[in-house]
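Structure at a glance
So the chains spell out like this:
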Amino acid sequence: MTIWVEASGPASAPTPRVGAPVPGRGADGTGSAGTLDELVRTHLPGLIRYATVLVGDQHTAADLVQEVLLRAHQRWRRIALTERPDLYLRRMVTNEHLSWRRRWHVRMIRPTADETLVGHAGTGGDPAERLAQEDAMWHRLEQLPPRQRTVLVLRYYEGLADAEIATVLGTSSATVRSHASRALTTLRKTDLNHMETR
């Protein structure tokens, strides 16, 4: 629902605010009254980072998050009643990512420019070796099934607990642990194969 708020000034028109206040719920998903607008202000950078890691491209990730937020706006009354609206939005991003993968069949991964990677590199060690290792890891992650990759991203990149990941994926904690175990086993095998071929 959109609320029109009067803005101050002689030629000011009412300004739209996304969402309606929901008693007992805050922008962080845990406290006082909040709106979708406040939730987005707090969590948008994290949602885009999360989507970028899932899809491998920031522009595609921004499109994906935008679609999710449009849907969230339409369903905000229901979403606001959940215990953690922020996790619900992550779940929507995850579902949209999996849906896009099904529609596209093949995901397009655009590599980051070397200059950008060098800018993010630390001072220790050989940057070329580190970039080669990161690139190899991206390729190994890319080979994982979508849900296994999503679990690893949520666990190690986003730092979520298994119960929170289960909420995002709409599954049980046991299934999350199973996906993580299979993914790590696959990564270890591919890592050993990579070391043997060097």
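Parameters at a glance
- Residues numbered from 1 in each chain as written.
- Predicted model: local features only at pLDDT ≥ 70, side-chain atom pairs only at ≥ 80, totals over all residues.
- Heavy atoms only, no water.
- Helix = DSSP H or I, 4+ residues; strand = E, 2+ residues; numbered from the N terminus.
- Buried < 20%, exposed > 50% of the residue type's maximum accessible area, 1.4 Å probe, protein only.
- Areas by Shrake-Rupley, 256 points an atom, 1.4 Å probe, with all protein chains shown as cover.
- Salt bridge = Lys/Arg side-chain N within 4 Å of Asp/Glu carboxyl O.
- Core = buried A, V, L, I, M, F, W, Y, C linked by side-chain atoms within 4.5 Å.
- Contact = heavy atoms within 4.5 Å.
- pLDDT = per-residue confidence, 0-100.
- Phe/Tyr/Trp six-rings, centres within 6.5 Å; stacked < 30°, edge-to-face > 60°.
- Lys NZ or Arg CZ within 6 Å of the ring centre and 35° of its normal.
- Arc of directions from axis to C-beta.
- Axes fitted to C-alpha atoms, helices over the stretch in contact; angles between N-to-C directions.
- Parallel < 35°, antiparallel > 145°, perpendicular 65-115°, else oblique.
- Left-handed = near helix turned anticlockwise from the far one by under 90°.
- Nonpolar A, V, L, I, M, F, W, Y, C, P; charged D, E, K, R; others polar.

This next bit is on the overall build of the chain. Within the chain one finds nine helices and two strands. Listing each helix as α and each strand as β along the chain from the N terminus yields β-β-α-α-α-α-α-α-α-α-α. Within the chain, buried positions represent 36% of all 198 residues. For the chain, the exposed surface amounts to about 11,800 Å²; the carbon and sulfur share of it is 55%.

The subject of this paragraph is the pattern of salt bridges. As enumerated under the stated definition, the model contains seven salt bridges in all. Put simply, glutamate 158 and arginine 90 hold a salt bridge, and the shortest N to O gap is 2.3 Å. Linking glutamate 158 in the loop between α7 (146-157) and α8 (162-169) with arginine 90 in helix α4 (residues 85-104), this pair joins segments that are 68 residues apart in sequence. Considered together, glutamate 158 and arginine 90 belong to a single accessibility category, that of buried residues.

Membership of the largest hydrophobic core comes to 32 residues, with the highest contact counts inside it found for Tyr50, Leu89, Val93 and Ile165. Breaking this core down by element, the ones donating at least two residues are α1 (36-55), α2 (58-74), α3 (76-80), α4, α7, α8 and α9 (173-197). For this core, the element with the highest residue contribution is α1, accounting for nine residues. Setting aside chain neighbours within four positions, we find isoleucine 165 in contact with Val151, Leu154, Arg155, Leu160 and Val176.

In this model, the chain carries an average pLDDT of 75, and 68% of its residues clear a pLDDT of 70 or more. Of the regions scoring below 50 in pLDDT, residues 1-33 engages in 77 contacts with residues more than four places distant in sequence or in other chains.

Here the focus is the packing of aromatic side chains. Under the counting rule described, the total for this entry stands at zero aromatic pairs. One cation-aromatic arrangement involves arginine 90 over tyrosine 50; the distance from NZ or CZ to the ring centre is 5.9 Å.

A few words on α8. Taken residue by residue, α8 has Asp162, Ile165, Ala166, Val168 and Leu169 as its buried positions. Along the long axis of α8, the arc covered by the buried residues comes to 160°, so they all point the same way. Just downstream of α8, glycine 170 is the residue with a positive phi angle, here 70°.

Quick look at the environment of proline 146 now. Residue placement: proline 146 occurs in helix α7. Residue proline 146 is classed as partly exposed on the basis of its relative accessible area of 26%.

As a packed pair, α1 and α2 sit with axes 8 Å apart at the nearest point and diverge in direction by 140°. As the angle between them shows, α1 and α2 are arranged oblique. For the pair α1 and α2, the crossing hand works out as right-handed. The segment α1 lies against α2, with Leu36, Val40, Leu44, Leu47, Ile48, Ala51, Thr52 and Val55 engaging Gln58, Thr60, Ala61, Leu64, Val65, Leu69, Ala72 and His73. Looking at the contact of α1 with α2 residue by residue, the class counts come to twelve nonpolar, four polar and no charged.

What follows deals with the environment of leucine 169. Along the chain, leucine 169 falls in helix α8. The exposure class of leucine 169 is buried, given its relative accessible area of 4%. Residues leucine 169 and leucine 154 lie 15 residues apart in sequence; the distance between their C-alpha atoms is 10.0 Å.

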